[in-house]
Protein chains: 8
Amino acid sequence: MKEEKGTLVSIVMGSDSDLPIMKEAASILTEFQIPHELFLTSAHRSPERTSLFAGRAAGRGVKIIIVGAGMAAHLAGVIASQTPLPVIGVPLDSSASPLYGFDALLSTVQMPGGIPVAAMAIGKAGAKNAALMAIRILALEDENLRGKLDVYIREMADNVEKKQQEL
Amino acid sequence: MKEEKGTLVSIVMGSDSDLPIMKEAASILTEFQIPHELFLTSAHRSPERTSLFAGRAAGRGVKIIIVGAGMAAHLAGVIASQTPLPVIGVPLDSSASPLYGFDALLSTVQMPGGIPVAAMAIGKAGAKNAALMAIRILALEDENLRGKLDVYIREMADNVEKKQQEL
Amino acid sequence: MKEEKGTLVSIVMGSDSDLPIMKEAASILTEFQIPHELFLTSAHRSPERTSLFAGRAAGRGVKIIIVGAGMAAHLAGVIASQTPLPVIGVPLDSSASPLYGFDALLSTVQMPGGIPVAAMAIGKAGAKNAALMAIRILALEDENLRGKLDVYIREMADNVEKKQQEL
Amino acid sequence: MKEEKGTLVSIVMGSDSDLPIMKEAASILTEFQIPHELFLTSAHRSPERTSLFAGRAAGRGVKIIIVGAGMAAHLAGVIASQTPLPVIGVPLDSSASPLYGFDALLSTVQMPGGIPVAAMAIGKAGAKNAALMAIRILALEDENLRGKLDVYIREMADNVEKKQQEL
Amino acid sequence: MKEEKGTLVSIVMGSDSDLPIMKEAASILTEFQIPHELFLTSAHRSPERTSLFAGRAAGRGVKIIIVGAGMAAHLAGVIASQTPLPVIGVPLDSSASPLYGFDALLSTVQMPGGIPVAAMAIGKAGAKNAALMAIRILALEDENLRGKLDVYIREMADNVEKKQQEL
Amino acid sequence: MKEEKGTLVSIVMGSDSDLPIMKEAASILTEFQIPHELFLTSAHRSPERTSLFAGRAAGRGVKIIIVGAGMAAHLAGVIASQTPLPVIGVPLDSSASPLYGFDALLSTVQMPGGIPVAAMAIGKAGAKNAALMAIRILALEDENLRGKLDVYIREMADNVEKKQQEL
Amino acid sequence: MKEEKGTLVSIVMGSDSDLPIMKEAASILTEFQIPHELFLTSAHRSPERTSLFAGRAAGRGVKIIIVGAGMAAHLAGVIASQTPLPVIGVPLDSSASPLYGFDALLSTVQMPGGIPVAAMAIGKAGAKNAALMAIRILALEDENLRGKLDVYIREMADNVEKKQQEL
Amino acid sequence: MKEEKGTLVSIVMGSDSDLPIMKEAASILTEFQIPHELFLTSAHRSPERTSLFAGRAAGRGVKIIIVGAGMAAHLAGVIASQTPLPVIGVPLDSSASPLYGFDALLSTVQMPGGIPVAAMAIGKAGAKNAALMAIRILALEDENLRGKLDVYIREMADNVEKKQQEL
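For every chain, the first residue of the written sequence is number 1, and numbering continues from 1 along that sequence. Chain labels run from A onward and ligand labels from 1 onward, assigned in the order the entries are written. Selection of residues for local features in this predicted model requires a pLDDT of at least 70, selection of side-chain atom pairs for listing and counting requires 80 or more, and totals for whole chains, interfaces and linings are taken over all residues. Side-chain numbers come from the whole structure's heavy atoms, not from hydrogens or water.

Asker: I keep staring at the overall build of chain A and nothing clicks. Help me out?
Answerer: The secondary structure content of chain A amounts to six helices and five strands. When the elements of chain A are put in sequence order from the N terminus, they spell out β-α-β-α-β-α-β-α-β-α-α. Only C-alpha atoms enter the radius of gyration; for comparison, a globular chain is expected to reach 2.2 Å times N to the power 0.38, where N is the number of residues. In terms of overall dimensions, chain A is globule-like: its C-alpha atoms have a radius of gyration of 16 Å, near the 15 Å expected for 167 residues. Dimensions of chain A, computed from the C-alpha atoms along their principal axes, are close to 50 × 40 × 30 Å. Residue burial is assigned from relative accessible area. The probe radius is 1.4 Å, only protein chains are included, and a residue is buried under 20% of its type maximum, exposed over 50%, and partly exposed in between. For chain A, the proportion of its 167 residues judged to be buried stands at 63%. Contact definition: two residues touch when any of their heavy atoms are within 4.5 Å. A separation of at least 24 residues holds for 68% of the contacts in chain A among residues at least 6 apart in sequence. Total accessible area computed for chain A in this model is approximately 5,400 Å², and 48% of it derives from carbon and sulfur atoms. Charged-residue counts in this description rest on Lys and Arg as positive and Asp and Glu as negative, His and the chain ends being excluded. Where a charge lies is defined by one atom per residue type, namely NZ (Lys), CZ (Arg), CG (Asp) and CD (Glu). Side chains of chain A give 16 positive and 18 negative charges; the mean places of these two sets differ by 3 Å. The way it works is that DSSP assigns letters per residue, a run of H or I at least four long becomes a helix, a run of E at least two long becomes a strand, and they are numbered from the N terminus. Working definition of accessibility: Shrake-Rupley area with a 1.4 Å probe, residue cover restricted to the visible protein chains.

Here you go:
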């Protein structure tokens, strides 16, 4: 196990080949100075490790779990079924499937009533937005973070105008 | 405008024909005694009303916005772009589109990086899960609510065993 | 729990609303006199019950597990990850999803390398074929059953000719 | 802001990475000597800029707005909801989405009744045709332009015969 | 032939079974007092009639052609290739195809570069929006019509607020 | 025009960029010594040329028309509507569309009742099979050709065994 | 077996439940006085019967084989692999599959290079067009039939004009 | 023919170009020391060879047949219809089809009731899992193999933890 103390957001992925995509989430969290960890576990290859992780997350202070998985992406749903924390799912366009992440999207978003998973877009955009969604949630009770989020949103808008000038 | 005081969760929909589905969210919130409102506005037919709503939501104490919309479902994204609050999107299988909610799903979930929307499953299951996701978020800072959520989760599991006996 | 002794094939489903479809499997197994049970458990609503079931199945003599599930159908994969037995997955066209079982199909068949699930067609045809696949497997070591299977296959062919005469 | 005087057609895009595709529209308009501008704004990252642009377009003499956007392509619909001008939408195969522009297509074309967007094909062919559709509209009241359009159409036909000879 | 004098918008459809849907376009045009006609011709069953119609439309004063067609919906493209007028295509969910209008959508929108068709949503919403797109185009040179369009747009917004009160 | 005398099979395509694929059909016809021609015409860019071609084909002795087209592939249907000859359609995966030929497939195969097009697989396999289908048709009245076809079919089977040995 | 003498077109289907759709083909052939038969055989349930049928068809004077099948529709391909005759495939929207004939369409049309199947539209339109395609082929060597086909085509066009008058 | 003695699992493929993918299955079987063979036969190009193979497999001691095929992948179904053995189908993303194996998936999994095929994921993951499914079946009656399988499953889980440390 590799669970880090003080972690607010846990970024979980099913395979180390998912790391280049899920790092998008980590780098946003770093930018906003949110303590986070990268955790590797597979719904199918390491089900016990997954259960242990999910069962302990709330107790050790984690607030939000971001899960990236490809193909028949069961990991987000499996974790959500074993924790009361909000789980954000990022469908991945796994190199092992030619279905460009579409299988992962349906496996992540079509959760039956009772156990919610918050699905993001497939791939990098989704990983980035997963972090921003976590920040929106954490900012509900953290004015300082809310201030940073407002700045971030304003800068995105300003950036569009700058890009216009460079066009 | 019809914005209710003390509202923690705002359930927004683009058309009153979406009400039968979005009531699933409302009834879960009622069950958990979360103050909520039903708000009608269309991304396309009433863009100003939508902007006003989105711009004011955080200021009047709303914490989470649940948005249901069908077809080219822009409403969740449009609101998310004008508020720092977490927005949960429910793609609807509109009777006006024969694409069974698939158009709404892609329009909701495939948000570009920067502005996140938490997508749920299409239709009733998604509306129900949107409320449960809102509750998971609110329970992060509300132990009483967290207790209710734990009971709800346990009862779902117990229910499966009861159903087995009736089989 | 409701686990029956002497069971060779366990038919598992996520919801009692799946029963009308999964009975197709049961009725084929009855026709071939294979001891079987109907077991209700949900990957998401009753994860512990699911783990207990999966972990015990091999030990109590079950040989094959047939799993029916709809939407983001994780149940077959979750069980397969916790048992060394062959697991056959039947994607269901759940009334709670407008995607006609297509979401369940991809969630069932697109298993990542390491943990196999044998996917059948969506719905009734798949449930029937799941039982026939179980029989093909059991017949590998049971000559009597193999005889019945040969008769069944011959009768299907004969039936086509009879139907021709009635045309 | 960068709004050019005398502009008849405004080509709007959500990101400067869309420029290589949307230039196809610009080059056709240049060929037909239609005054046009390239305008950068995002439905999600710069919603105010988008509203300002849409609200002012008709007043400053713009006749037609061409909008290119990828993923959950809300930009064309959001602009169409804030102007009475004809809006032509070009779904883009964004490098940030593995769904090859299919998400953008459904997000653009499946507009609910009330606010129309004229959808073109995904990508370059669509960008080119967006310009040609704008020209067909402008040619309704401009005989000179209609003459050029007739020549263009005739030359396309002649070109086919020339290509035959080179085969 | 049945071509009516003074017609500004021609509503064309491939089969009389398309009439219930395409009447949505006609009723909007009637509401805005735009002279229009209903014209029946099939790209495949009456190709000559289609060519004659397309070739004559501009000359007899028609400004915009709205085309509804289902299945392999070639009619809009075939007409667009034989007229310099703007052509608006409405993909129909033909009862003769189980593909819910998806085949018609791709056949309508994926026009190759050179000959544009303005695609609308599948079915009734698309038919209604086709008329509103025609009105946006005609309003470019008709201040009176533009006034009516502004009222129509305002009333849609007001209607949302009224519906809210009835909720 | 470039119509060759004695031609039995005409291979038509909408663009010279389709030639590398459609040559698969030509090379099979050459192998079977069937007189054929390559004809370039576009349903949309050269509609008159297309009509002329289709109207004359039967009269000048052509027996079968093979048509390759991409995107909203109207060419096969448009030709079929103007000739009583059998038309074989090959959907192409045009580089101008990111939909990998799926749009062309639906535009080709979903012909409404009355005017048939014989659709082949997308791309090279389809082009090759279009020629083989033409040969199956011509062989109905040509014993010599039928003999060659029987040899071709036998050699395909023999080839599989040879490949086995090389495995 | 039930093979009728003098048969020119054999209409084959995998199940008697396909009869209501495939009768569309039969009724067109009756209208054109083409001797035909209805033959029931399943690629999967009666493979020997299918092989026997395919192997004998050419020898007993059949010219064209029309095959209707649903789900993983292998029947047309399996027959085409065992006869040198032209085979026309009609994908059916089987009540046993919720995929509305889309599975049957891909299973029919995506034949690998070497063995062609001429795919028609899904369902009734496809069954009707299969018969018309057979007639186009037979008319190549039968002037009388060609005359009837020309009349049929002309009447379809006339019918459009009549329908216009009834509008 | 190339049928090897003592073979327990036969890996069949339609083309030698499928070998790089299907070798994944072979290498897993080698790792578990299961006697196996690679057999090349095509449902369409060598139907007799396919029938001979299927008819003889059970008699010569083969227990399980793994079949890889692309496009309209009929091979698994065709073999399953001629043997009582369990057949596992691997849909392949053939380079000859741009539909990324989706056509093969539906052609493999959507088998009608009566003749089952156990479908795996598209491509390499599916080939690997086909071997693991065969091993799960064989392990039902082979304690030694069951032991190896348990080790394999445990090592997969351990591997996840190792990868975590390298992250």
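Asker: Help me out: how do you make sense of the pairing of strand 3 (residues 64-70) of chain E in this one?
Answerer: In regular strands, side chains alternate between the two faces of the sheet. Residues and elements named next belong to chain E. With seven of its seven residues buried, strand 3 lies for the most part within the structure. Burial along strand 3 is two-sided: Ile64, Ile66, Gly68 and Gly70 facing one way and Ile65, Val67 and Ala69 facing the other are all buried. Two strands make a pair as long as DSSP finds a minimum of two bridges between them. Strand direction decides the pairing type here: strand 1 (residues 9-13) and strand 3, joined by five bridges, are parallel. When the bridges of strand 3 are listed, Val12 appears paired with Val67. Across six bridges, the pairing between strand 3 and strand 4 (residues 87-92) is parallel. Its bridge partner being in strand 4, Gly68 is matched across the sheet by Val90. Handedness of the strand 3-helix 3 (residues 75-80)-strand 4 crossover: right-handed. When the strands point away from the viewer, a crossover counts as right-handed if the path from the first strand over the helix to the second runs clockwise.

Asker: Sorry if this is basic, but what is going on with the pattern of salt bridges here?
Answerer: Pairing between side chains of opposite charge can happen when the charged atoms of each approach one another. Residues and elements named next belong to chain B. Every case where a carboxyl oxygen of Asp or Glu lies within 4 Å of a side-chain nitrogen of Lys or Arg is listed as a salt bridge. The tally for this structure, following the rule as stated, stands at 40 salt bridges over all chains. With its nearest N and O atoms 2.6 Å apart, the salt bridge here joins Glu37 to Arg60. One end of the pair, Glu37, is in strand 2 (residues 36-40); the other, Arg60, is in the loop between helix 2 (47-57) and strand 3 (64-70), with 23 residues separating them in the sequence. For Glu37, a relative accessible area of 1% puts it in the buried group. Arg60 gets classed as partly exposed once you look at its relative accessible area, which sits at 24%.

Asker: Would you take a moment to explain the interface of chain D and chain A for this structure?
Answerer: Frequently, the measure chosen for interface size is the accessible area removed from exposure when the parts meet. Tallying the contact residues gives 17 residues for chain D and 14 residues for chain A. The quantity reported as buried area is the accessible area (1.4 Å probe) lost by two parts once they are put together, taken as the sum for both. Taking both sides of the interface into account, the surface hidden between chain D and chain A amounts to around 1,400 Å²; carbon and sulfur atoms contribute 69%. The largest contributions to the chain D side of the interface with chain A come from Leu40, Arg45 and Pro98 of chain D, which together make up 37% of the buried area. Linking chain D with chain A are two salt bridges, by the criterion used here. Linking Lys163 of chain A and Asp16 of chain D is a salt bridge whose minimum nitrogen-to-oxygen distance equals 3.6 Å. In terms of residue count, strand 2 (residues 36-40) of chain D provides more of the side of chain D that touches chain A than any other element does, three residues in total. Taken together, the residues that form the side of chain D that touches chain A break down as 10 nonpolar, three polar and four charged. Under the convention adopted here, Pro, Cys and the residues Ala, Val, Leu, Ile, Met, Phe, Trp and Tyr are nonpolar, Asp, Glu, Lys and Arg are charged, and Gly plus all remaining residues are polar.

Asker: Which parts of the structure should I look at to understand the relation of the copies chain F and chain G?
Answerer: In summary, the two copies of the chain are related to each other by a rotation about an axis coupled with a shift along it. Of the transformation superimposing chain F on chain G, the axial component is 0.0 Å and the angular component is 180 degrees, with the fit at an RMSD of 0.0 Å. In symmetry terms, the pair is related by a two-fold rotation axis. Here 100% of the interface residues in chain F have copies in chain G that are interface residues too; the copies meet face to matching face. We superpose the copies by least squares over the C-alpha atoms of residues that have a pLDDT of at least 70 in both of them.

Asker: Would you explain the relation of the copies chain D and chain A in this entry?
Answerer: Under the fitted operation, chain D is carried onto chain A by 0.0 Å of movement along the axis and a turn of 90 degrees, and the coordinates agree to an RMSD of 0.0 Å. Read as a symmetry element, the transformation amounts to a four-fold axis. Both copies present different contact surfaces, since only 6% of the interface residues of chain D are interface residues in chain A too.

Asker: How should I be thinking about the environment of Arg60 of chain B in this particular structure?
Answerer: When the C-alpha atoms of Arg60 of chain B and Leu8 of chain B are compared, they prove to be 9.3 Å apart, with 52 residues separating the residues in sequence. For Arg60 of chain B, the side chain forms a polar contact with the side chain of Glu37 of chain B, separated by 2.6 Å. Whenever a nitrogen or oxygen atom comes within 3.5 Å of another N or O atom, the pair is scored as a polar contact, on the condition that within protein one atom can donate a hydrogen and the other can accept it, and that pairs from neighbouring residues in sequence are kept only if both atoms are in side chains.

Asker: Help me understand the arrangement of the chains, please; the structure alone is not making it clear to me.
Answerer: A minimum C-alpha distance of 18 Å separates chain A and chain E, which share no contact. One finds no contact between chain B and chain F; the C-alpha atoms of the two approach each other to within 16 Å at their closest.

Asker: Explanation requested: the packing of helix 4 (residues 102-109) of chain G against helix 4 (residues 102-109) of chain H in the structure shown.
Answerer: Packed helices, taken two at a time, are described by their axes: the angle between them and the distance between them. Lines fitted to C-alpha atoms define the axes, with helix axes restricted to the stretch in contact, and inter-axis angles between N-to-C directions lie between 0 and 180 degrees. Relative orientation of the contacting elements helix 4 of chain G and helix 4 of chain H amounts to 110 degrees, with a least axis distance of 9 Å. Accordingly, the angle class assigned to the pair helix 4 of chain G and helix 4 of chain H is roughly perpendicular. Touching Phe102, Asp103, Leu106 and Ser107 of chain G of helix 4 of chain G are Phe102, Asp103, Leu106 and Ser107 of chain H, all from helix 4 of chain H. Broken down by class, the residue content of the contact of helix 4 of chain G with helix 4 of chain H amounts to four nonpolar, two polar and two charged. By definition in this entry, angles of less than 35 degrees are roughly parallel, angles greater than 145 are roughly antiparallel, angles of 65 to 115 are roughly perpendicular, and the rest are oblique.

Asker: Explain the pairing of strand 1 (residues 9-13) of chain D to me, please; I cannot follow it from the model alone.
Answerer: All names here are of chain D. Across the five residues of strand 1, five count as buried, placing the element largely inside the fold. Alternating positions in strand 1 separate into two faces, Val9, Ile11 and Met13 on one and Ser10 and Val12 on the other, with burial throughout. Bridge count for strand 1 against strand 2 is five bridges, and the pairing is parallel. From the neighbouring strand, Val12 faces strand 2, where its bridge partner is Phe39. For the crossover that starts at strand 1, traverses helix 1 (residues 19-31) and ends in the parallel strand 2, the hand is right-handed.

Asker: Looking at this structure, how should I read the packing of aromatic side chains?
Answerer: What characterises a pair of aromatic rings is the spacing of the ring centres plus the angle enclosed by the ring planes. For this analysis, a ring pair means two rings from Phe, Tyr or Trp (six-membered ring only for Trp) whose centres lie within 6.5 Å, classed as stacked if their planes differ by under 30 degrees, edge-to-face if by over 60, and tilted for the remaining angles. Evaluation of the coordinates by the stated rule reveals 40 aromatic pairs over all chains. With a centroid separation of 6.4 Å and an interplanar angle of 45 degrees, the aromatic rings of Phe102 of chain B and Phe102 of chain D are classed as tilted. Residue Phe102 of chain B is found in helix 4 (residues 102-109), and its partner Phe102 of chain D is found in helix 4 (residues 102-109); the two belong to separate chains. Assigned by exposure class, Phe102 of chain B and Phe102 of chain D land together as buried.

Asker: Is there a simple way to think about the interface of chain F and chain G in this case?
Answerer: Between chain F and chain G, the contact holds 41 residues from the first and 41 residues from the second. Of the roughly 3,300 Å² buried between chain F and chain G, counting both surfaces, carbon and sulfur atoms make up 65%. Of all residues in chain F, Pro84, Pro116 and Arg136 of chain F give up the largest surface area on contact with chain G, accounting jointly for 20% of the area buried on that side. The interface formed by chain F and chain G includes two salt bridges. Among the ionic pairs, Glu141 of chain F bridges to Lys63 of chain G, the shortest N-O distance being 2.9 Å. Our count for the contact surface shared by chain F and chain G stands at 21 residue pairs in polar contact (both at pLDDT 80 or more). Counting residues per element, the ones that place at least two in the side of chain F that touches chain G are helix 4 (102-109), strand 5 (118-119), helix 5 (124-139) and helix 6 (143-166) of chain F.

Asker: Just checking my understanding: could you explain helix 4 (residues 102-109) of chain C for this structure?
Answerer: In an α-helix, one turn spans 3.6 residues, which is why side chains three or four residues apart end up on the same side. Within helix 4 of chain C, eight of the eight residues are buried, leaving the element largely enclosed by the surrounding structure. Along helix 4 of chain C, the positions that sit buried rather than exposed are Phe102, Asp103, Ala104, Leu105, Leu106, Ser107, Thr108 and Val109 of chain C. For helix 4 of chain C, the secondary structure elements touched by its buried residues are helix 4 (102-109) of chain A, strand 3 (64-70), strand 4 (87-92) and strand 5 (118-119) of chain C together with helix 4 and strand 5 (118-119) of chain H.

Asker: When you look at unusual backbone geometry in this model, what are you seeing that I'm missing?
Answerer: Note: most peptide bonds trans; most residues except glycine with negative phi. Non-glycine residue Gln33 of chain B carries a positive phi angle of around 55 degrees. Tracing the sequence through the fold places Gln33 of chain B in the loop between helix 1 (19-31) and strand 2.

Asker: Quick question: what am I supposed to make of helix 1 (residues 19-31) of chain F here?
Answerer: Residues and elements named next belong to chain F. Expected span, for any helix, means 1.5 Å times one less than how many residues it has. For helix 1, which comprises 13 residues, the first-to-last C-alpha distance of 18 Å matches the rise-based estimate of 18 Å (1.5 Å per residue) to within 8%. Along helix 1, the residues classified as buried are Leu19, Met22, Ala25, Ala26, Ile28 and Leu29. Residues of helix 1 that are buried make contact with strand 1 (9-13), strand 2 (36-40), strand 3 (64-70), strand 4 (87-92), helix 5 and helix 6.

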